[in-house]
Amino acid sequence: MRMAPELLAPAGSLDMMQTAFAFGADAVYAGQPRYSLRVRNNEFGNLDILRQGIAEAHAGGRQFFVVSNIFPRNAKLTTYLADMAPVIALQPDALIMSDPGLIDLVRETWPEQAIHLSVQANTVNWATVRFWQKLGLTRIILSRELSLDEVAEIRQRCPDIELEVFVHGALCIAYSGRCLLSGYFNHRDPNQGTCTNSCRWDYKVHTPQAQPVQFIDRDSEILLEERQRPGELMPIEEDEHGTYIMNSKDLRAIEHVQRLVDIGVDSLKIEGRTKSPYYVARTCQAYRQAVDDAVAGRPFDPTLLGDLENLANRGYTDGFYQRHHDAEYQNYLRGHSESERSQYVGDAAAYDPTRGLMEITVKNRFALGDRLECVHPDGNHALTPTRMENADGQPVGVAPGSGHRVWIDLPERYTGCFVARCL
């Protein structure tokens with residue numbers, strides 16, 4: 001019998017956590033800003049909010065993992081145990097860690113605390129998994145650079161430890177996050193949690209002779225210029241593996257959930273602690289269905305590809321899971337991904353029964369006559385509103401964009417849903 005893997009979602013706030021659980025997540029992970037790789041957009045540095053989050057998760061039978069995965073300098077070692085003591089007292093289900101020194105300190109101070117090895121530790125083989133298992137860790141988050149076959153071999157050789165893999169979210173142009181680019185450009189160290197995503201800035205390509213890029217000789221020097229740094233030309237250095245200052249597509253491996261379930265992976269992880277609740281809702285909803293279908297023996301639903309295409313993304317890739325795709329496979333994915341697109345336009349905030357209208361907190365422009373989709377934990381619903389009023393109760397035809405509030409004829413049962421416009 002197939003066992004359902006845990007669906008693990010990101011949480012940078014209580015709102016994100018509550019959304020993740022409502023849309024099917026079994027667990028969430030959140031970081032301590034000083035000791036994790038997400039300093040910004042992180043409510044859980046506040047112990048009262050962290051306490052509430054862990055308590056709500058446990059009350060609902062879910063799990064809450066705390067990320068503590070930086071590679072610390074000496075200065076942070078002196079404060080680590082004192083800062084983490086009140087966090088451990090809140091009884092998180094596990095700490096996600098990467099640095100051997102910090103792991104050793106936690107094992108000595110709180111020997112009963114479960115520890116998961118972070119993807120930052122770059123575990124790529126079964127011998128490394130066994131090493132960490134001998135030290136008492138209960139779960140290994142495998143490196144993103146592994147193929148499905150490599151994950152399967154690790155599972156076979158290490159059958160009695162939990163394994164976790166990433167299935168969705170941003171990918172780094174580095175070895176599972178070990179990047180120096182942001183630190184080089186503006187002294188914001190990615191490995192201390194302050195990455196500015198320098199790999200995703202707007203770069204233009206130049207040559208010393210100002211030749212058009214398509215006609216450059218292979219032996220010519222190629223230079224990059226970042227939009228905010230005109231005149232600072234950087235040479236592209238390339239070896240047999242490729243170039244390194246480029247933007248990665250985002251990971252989307254939902255079509256591989258069936259294989260991961262068959263392999264026996266224990267947890268499927270979604271990246272994105274700095275993303276929006278809408279992102280969490282869409283990803284959890286899609287991967288929840290994919291997991292449930294795989295466990296039940298139902299075939300993969302290709303419409304899920306299109307559901308994830310509705311999120312802002314930089315193009316999708318399945319990363320390293322499958323190294324070589326044939327043309328038929330590529331066409332299959334592309335056709336279903338582009339079949340149905342939508343844009344997040346607002347939140348259904350409150351229903352007014354006397355007027356029969358729902359208040360919408362607008363995020364992006366939409367208009368009467370647009371086909372809308374209500375994204376709700378109980379199921380999504382498409383409709384076309386025929387009535388819209390502004391905040392003063394006057395009839396309008398357009399919700400202009402972020403910062404506005406309008407009222408539309410949306411049923412009361414969709415209070416709290418996310419609203420998307422079908423494109």
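Residues numbered from 1 in each chain as written. Predicted model: local features only at pLDDT ≥ 70, side-chain atom pairs only at ≥ 80, totals over all residues. Heavy atoms only, no water.

### A few points about the overall build of the protein chain
The line we're drawing: Labels follow the DSSP assignment, with helices taken as runs of H or I lasting at least four residues and strands as runs of E lasting at least two, numbered in each case from the N terminus. Exposure classes here rest on a 1.4 Å probe applied to the protein chains alone. A residue is buried below 20% of its type maximum, exposed above 50%, and partly exposed in between. What makes two residues a contact is simply this: any of their non-hydrogen atoms within 4.5 Å. In short, Shrake-Rupley with a 1.4 Å probe defines the accessible areas, and a residue's cover is counted only from the protein chains shown.
Within the protein chain one finds eleven helices and 22 strands. The burial tally for the protein chain puts 49% of its 423 residues in the buried class. Partitioning the intrachain contacts of the protein chain with sequence separation of at least 6 by distance along the chain shows that 66% fall at a separation of at least 24. Accessible surface computed for the protein chain: about 20,000 Å², of which carbon and sulfur atoms make up 49%.

### With respect to the pairing of strand β21 (residues 405-408)
To keep it simple, the criterion reads: The rule for pairing is simple: two strands pair if DSSP sees at least two bridges between them.
Across four bridges, the pairing between strand β15 (residues 357-362) and β21 is antiparallel. Within β21, the position partnered with I360 by the bridge is V406. Two strands pair when backbone bridges link them, and strand β19 (residues 388-390) and β21 are joined in this way by three bridges, in the antiparallel orientation. The partner of N390 across the bridge, within β21, is V406.

### Things to note about the packing of helix α1 (residues 14-22) against helix α2 (residues 47-59)
The condition is simple: Axis angles are defined between N-to-C directions and span 0 to 180 degrees, where every axis is a line fitted to C-alpha atoms and, for a helix, only to the segment in contact. Each angle is binned into one of four classes, with values under 35 degrees roughly parallel, values over 145 roughly antiparallel, values of 65 to 115 roughly perpendicular, and all other values oblique. Any residue outside Ala, Val, Leu, Ile, Met, Phe, Trp, Tyr, Cys, Pro, Asp, Glu, Lys and Arg is labelled polar, Gly included; the first ten of those are nonpolar and the last four are charged.
Following both chains from N to C, one finds α1 and α2 inclined at 10°, their axes separated by 10 Å at the closest point. Regarding the angle of α1 to α2, the classification is roughly parallel. Between α1 and α2, the residues in contact are L14, M17, Q18 and F21 and I49, Q52, G53, E56 and A57, respectively. Split into classes, the residues belonging to the contact of α1 with α2 amount to five nonpolar, three polar and one charged.

### Some thoughts on the nonpolar core
Here is the rule we go by: We call a set of buried residues a nonpolar core when its members are Ala, Val, Leu, Ile, Met, Phe, Trp, Tyr or Cys and they connect through side-chain atoms within 4.5 Å of each other.
Of all hydrophobic cores here, the largest spans 91 residues; its most connected members are F64, L142, V165, I254 and V257. The element best represented in this core is helix α9 (residues 277-296), accounting for ten residues. Sequence-distant contacts of F64, that is, excluding residues within four places in its chain, are made with M17, V28, A30, F44, L50, G53, I54, A57, P92, D93 and A94.

### Let's talk about the sheet that holds β19
The sheet built from seven strands is open, its strands ordered β18-β17-β22-β14-β15-β21-β19 with antiparallel pairing. This sheet does not close on itself; its edge strands, each paired only once, are β18 (381-383) and β19. On average, each strand axis in the sheet is tilted by 35° relative to the strand beside it, whichever way the strands run. Across the sheet, α9 touches β14 (342-352), β17 (372-375) and β22 (418-422), and the angle it forms with β22 is around 80°.

### Focus on the packing of aromatic side chains
Convention followed: Stacked, edge-to-face and tilted labels apply to pairs of Phe, Tyr and Trp rings (six-membered ring for Trp) whose centres lie within 6.5 Å, assigned for plane angles under 30 degrees, over 60, and everything in between, in that order. Counted as over-ring charges are cases with an Arg CZ or a Lys NZ within 6 Å of the ring centre that also lie within 35 degrees of the ring normal.
Inspection of the entire model under this criterion finds seven aromatic pairs. Taking the centre distance of 6.1 Å and the plane angle of 70° together, the rings of Y344 and F418 count as edge-to-face. Of the two residues, Y344 is situated in strand β14 and F418 in strand β22; the sequence distance between them amounts to 74 residues. This pair shows no difference in class: Y344 is buried, exactly as F418 is. Grouping aromatic residues by their ring pairs yields a cluster made of F23, Y278, Y344 and F418. Here the guanidinium or amino end of K269 rests over the ring plane of Y29, the centre of that ring lying 4.4 Å away.

### Description of the pattern of salt bridges
Pairing is possible between side chains of opposite charge, provided their charged atoms come close. The condition is simple: Just to be clear on terms, a salt bridge is a Lys or Arg side-chain nitrogen sitting within 4 Å of an Asp or Glu carboxyl oxygen.
With the rule as written, the count across this model stands at 18 salt bridges. Between D26 and R288 there is a salt bridge; the shortest N-O distance is 3.1 Å. Here R288 lies in helix α9 and D26 lies in the loop between α1 and β2 (27-31), a separation of 262 residues in the sequence. Given a relative accessible area of 28%, D26 falls into the partly exposed group. One salt bridge in this structure joins E359 and R405, with 3.3 Å as the shortest N-O distance.

### Concerning the confidence of the model for the protein chain
As a reminder of what qualifies: Per residue, pLDDT captures the predictor's confidence, and it can take any value from 0 to 100.
When pLDDT is averaged along the protein chain, the result is 87, and 83% of the positions lie at 70 or above. With pLDDT under 50 throughout, residues 211-218 is counted as low confidence; its partners more than four residues away or in other chains account for four contacts.

### Digging into α2
In plain terms, the rule: A helix is expected to span 1.5 Å for every residue after the first. Along the arc lie the directions from the helix axis toward the C-beta atoms. Polar contacts here mean pairs of N or O atoms no more than 3.5 Å apart (in protein, one a potential hydrogen donor and the other a potential acceptor; neighbouring residues in sequence count only if both atoms are side-chain atoms).
Across its 13 residues, α2 extends 18 Å between first and last C-alpha, which sits within 8% of the 18 Å expected from 1.5 Å per residue. Listed in full, the buried residues belonging to α2 are L50, G53, I54 and A57. With its buried residues spanning 95° around the axis, α2 presents them on a single face. Exposed and facing more than 90 degrees away from the buried side of α2 are D48 and A59. Of the surrounding secondary structure, the elements contacted by the buried residues of α2 are α1, β3 (63-68) and α3 (74-89). The backbone nitrogen of D48 lies 2.8 Å from a side-chain oxygen of the residue at the head of α2, namely N46. Directly after α2, the chain includes G61, whose backbone phi takes a positive value near 75°.

### Some thoughts on the pairing of β22
Look at any regular strand and the pattern is simple: side chains alternate between the two faces of the sheet. Taken across its five residues, β22 has four buried, putting it largely inside the fold. As paired elements, β14 and β22 share five bridges and run antiparallel to each other. Counted as the bridge partner of Q343 is R421 from β22. Taken together, the four bridges between β17 and β22 define a ladder with antiparallel strand orientation. Residue pairing for β22: V375 is matched across the bridge by F418.

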